[in-house]
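Geometric and topological summary
Spelled out, the chains give:
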Amino acid sequence: MNYRTKALTAFCKLRRLQEANEAGYVQCVTCGKLVKWNECDGGHFIHRRFRGTEVEHDNVWPQCVSCNRFGSITQKEYARKLIEKIGEERVNDLVALKYESFPWRSYKVMAEKYDAEIRRLRKEKGL
């Protein structure tokens, strides 16, 4: 696994942990289903192939496998749900960042940083 993949995987895991309650459950951003933090995906509003938003906090939310992997929700529906959650202005900001590039990113450093934060959060939440 390359460092970019490691960093993005860790970031998605971190986002799910950040959103988890004390019992370890998160709510799917799109359908509202409650799921264990480690049994769902970190669903990107804007696909992770776009480097400008791949590790943007508001671009990645807990999403159940059905919504994220099997297309049970459209991008338009995701946008509507996200607007309810973070506001239209922030969603527009994410769209504007889509094609930004960040050549200075060190995925190795990012992966290490996210892994450390994951360990801290798991300990703090007892997960």
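As the structure is a computational prediction, the values presented were derived from the model and not from experiment.

1. A short note on the pairing of strand E3 (residues 41-44)
In E3, alternate side chains face the same way, and those of Asp41 and Gly43 on one face and Gly42 and His44 on the other are all buried. Inspection of the sheet shows E3 paired to strand E4 (residues 60-63) by four bridges, in the antiparallel sense. Each residue of the ladder has a partner; that of Gly42, found in E4, is Pro62.

2. Quick word on the nonpolar core
Membership of the largest hydrophobic core comes to 24 residues, with the highest contact counts inside it found for Val55, Met110 and Tyr114. Mapped onto this core, the elements with two or more residues apiece are helix H1 (3-19) and helix H5 (107-125). It is H1 that contributes the most residues to this core, seven residues altogether. Non-local contacts of Val55, meaning those with residues more than four positions away in its chain, are made with Leu8, Phe11, Arg105, Met110 and Tyr114.

3. With respect to the packing of aromatic side chains
Taken as a whole, this structure holds three aromatic pairs when the rule is applied. The interplanar angle of 65° and the centroid separation of 5.5 Å between the aromatic rings of Phe45 and Tyr78 together place this pair among those described as edge-to-face. Note that Phe45 is positioned in the loop between E3 and E4 and Tyr78 in helix H3 (residues 75-86), a separation of 33 residues in sequence. Like Tyr78, Phe45 is buried. Here the guanidinium or amino end of Lys36 rests over the ring plane of Tyr25, the centre of that ring lying 5.1 Å away.

4. Here's the deal with the packing of H1 against H5
One can describe the packing of H1 onto H5 by two numbers: an axis separation of 8 Å at closest approach and a directional angle of 25°. What the angle tells us is that H1 and H5 run roughly parallel. The element H1 and its partner H5 pack so that their crossing is left-handed. On H5, the residues that touch Tyr3, Arg4, Lys6, Ala7, Ala10, Phe11, Lys13, Leu14, Leu17 and Gln18 of H1 are Tyr107, Lys108, Met110, Ala111, Tyr114, Asp115, Glu117, Ile118, Leu121, Arg122 and Lys125. Split into classes, the residues belonging to the contact of H1 with H5 amount to twelve nonpolar, one polar and eight charged.

The rules behind each value
Residues numbered from 1 in each chain as written. Predicted model: local features only at pLDDT ≥ 70, side-chain atom pairs only at ≥ 80, totals over all residues. Heavy atoms only, no water. Buried < 20%, exposed > 50% of the residue type's maximum accessible area, 1.4 Å probe, protein only. Helix = DSSP H or I, 4+ residues; strand = E, 2+ residues; numbered from the N terminus. Pairing = 2+ DSSP bridges. Core = buried A, V, L, I, M, F, W, Y, C linked by side-chain atoms within 4.5 Å. Contact = heavy atoms within 4.5 Å. Phe/Tyr/Trp six-rings, centres within 6.5 Å; stacked < 30°, edge-to-face > 60°. Lys NZ or Arg CZ within 6 Å of the ring centre and 35° of its normal. Axes fitted to C-alpha atoms, helices over the stretch in contact; angles between N-to-C directions. Parallel < 35°, antiparallel > 145°, perpendicular 65-115°, else oblique. Left-handed = near helix turned anticlockwise from the far one by under 90°. Nonpolar A, V, L, I, M, F, W, Y, C, P; charged D, E, K, R; others polar.

Just distances and angles here, no functional claims.
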